[in-house]
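Chain by chain, the residues run as shown.
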Amino acid sequence: MTTNRLKNKWILVTGATSGIGKASAELFAEAGANLVITGRREGRLLKLKKSLNERFSSEVHTRSFDVRDREECRKCVESLENPVDVLLNNAGLASGLDTIDQADFEDWDKMIDTNIKGLLSMTRFVSEKMRERNEGHIINIGSIAGYEAYPGGSVYCGTKHAVKAITQGAKMDLTGTNIRVSAVSPGMVDTEFSEVRFHGDKEEAEKVYENLKPLTAEDVAEIVLFVANRPAHVNILDTIIFPVHQSSATLVHRSEE
Ligand code: NDP
Ligand code: 8X3
């Protein structure tokens, strides 16, 4: 039986309105941790808070903001009464799958400003406070796209390569402290990710997961919890998680029907 080290800890989750962030918030609450759930869609945050409050005894706070707005990130962190034990940098997106010569600049800006700069802002503000306490854990959601590029994914993959480098560099910067830094890097996960990538085109999004059993958000959340729940002297730097029928960013086996 695994020891539960998460009870009464404070976990800040970015992008908790959907997918991996929401599933992680649910598992953290089930483990008895308290939560600050964030994202742009306030209605969804309030709904999740209500549902967590009905099922678990954890304290849940909401902060609705866009991680691309650095001052909003600062305000969020400064507004917290309790120190953050675990920062789950999950908010992120792919926008478009166009080639380098055709892609839309707005799509590029969205990905770079959210996946890299948003993650950096949250990390900067939270890690400063973690260093003062000499404790804490930063967990970044990376991707197989941080290890490989694929056609149409140059910028999304570039942002996830950046997340890998930021994770490694932050771990180095915090050497000698008790602060842990980790990444969790999945392959295909069935969330709203593809719908967002294809700008709301549900049919295109469904094709990504056709005749293949992708990971679920809960599958990834379980790994996040495992990483967060290690003893204080254990730092998992990264993990790559695939569905069994995926072997690289682009090599997938789809069943016949
Ligand atoms: P979802 O689209 O289901 O969830 C994305 C979350 O990010 C939402 O809660 C969204 O909240 C939040 N978010 C996006 N942009 C912003 C922003 N500017 N400010 C604040 N929050 C934002 O996708 P996933 O759960 O799949 O994605 C979570 C992470 O997992 C991402 O970093 C993604 O790159 C990564 N990933 C996903 C994989 C997949 O196949 N699904 C595989 C590997 C990694 P809101 O819109 O309310 O702001
Ligand atoms: C999401 C996984 O392969 O679509 O990061 O880039 S992939």
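The structure under discussion appears in the preceding block.
It should be emphasised that the depicted structure is a prediction, and the values quoted were computed from it without experimental measurement.

S.K.: An account of the pattern of salt bridges is requested, with residue identities and associated values reported.
M.R.: One pass over the structure, following the stated rule, counts 13 salt bridges. With a shortest N-O distance of 3.2 Å, Glu 71 and Arg 74 are connected by a salt bridge. You can see Glu 71 and its partner Arg 74 sitting in helix H3 (residues 70-78), three residues apart, about one turn around the helix. In this structure, Glu 204 engages Lys 207 in a salt bridge whose closest nitrogen and oxygen atoms are separated by 2.8 Å.

S.K.: Break down the sheet that holds strand E2 (residues 34-39) for me, with residues and values.
M.R.: Across the sheet, seven strands lie side by side as E3-E2-E1-E4-E5-E6-E9; this open sheet has parallel pairing. Two strands lie at the open edges of the sheet, namely strand E3 (60-64) and strand E9 (240-241), each paired on one side alone. Pairing between strand E4 (residues 86-89) and strand E5 (residues 136-141): four bridges, direction parallel. What sits directly across from Leu 88, in E5, is Ile 139. Most of the contacts of helix H1 (residues 19-30) go to E2, to which it runs at about 170°, and overall it touches strand E1 (10-13), E2, E4, E5 and strand E6 (179-186).

S.K.: Account for the packing of aromatic side chains, naming residues and giving values.
M.R.: All chains considered together, the criterion is met by two aromatic pairs. Its guanidinium or amino end placed over the ring of Tyr 147, Lys 164 lies 4.7 Å from that ring's centre, counting from NZ or CZ. Seen from the ring of Phe 226, Arg 230 lies directly overhead, with NZ or CZ sitting 3.7 Å from the centre.

S.K.: Give me the nonpolar core: which residues, what numbers.
M.R.: Judged by nonpolar contacts, the single largest core of 33 residues is most densely connected at Ile 11, Phe 28, Leu 35, Ile 37, Leu 88, Ile 139 and Val 184. Sorting the residues of this core by element identifies E1, H1, E2, helix H2 (42-55), E4, E5 and helix H8 (217-228) as the ones contributing at least two each. With seven residues, the single largest contributor to this core is H8. Listed in part, the 20 residues of the second largest apolar core include Val 77, Met 130, Ala 170 and Ile 179.

Calculation rules
Residues numbered from 1 in each chain as written. Chains lettered and ligands numbered in written order. Predicted model: local features only at pLDDT ≥ 70, side-chain atom pairs only at ≥ 80, totals over all residues. Heavy atoms only, no water. Salt bridge = Lys/Arg side-chain N within 4 Å of Asp/Glu carboxyl O. Helix = DSSP H or I, 4+ residues; strand = E, 2+ residues; numbered from the N terminus. Pairing = 2+ DSSP bridges. Contact = heavy atoms within 4.5 Å. Axes fitted to C-alpha atoms, helices over the stretch in contact; angles between N-to-C directions. Phe/Tyr/Trp six-rings, centres within 6.5 Å; stacked < 30°, edge-to-face > 60°. Lys NZ or Arg CZ within 6 Å of the ring centre and 35° of its normal. Core = buried A, V, L, I, M, F, W, Y, C linked by side-chain atoms within 4.5 Å. Buried < 20%, exposed > 50% of the residue type's maximum accessible area, 1.4 Å probe, protein only.

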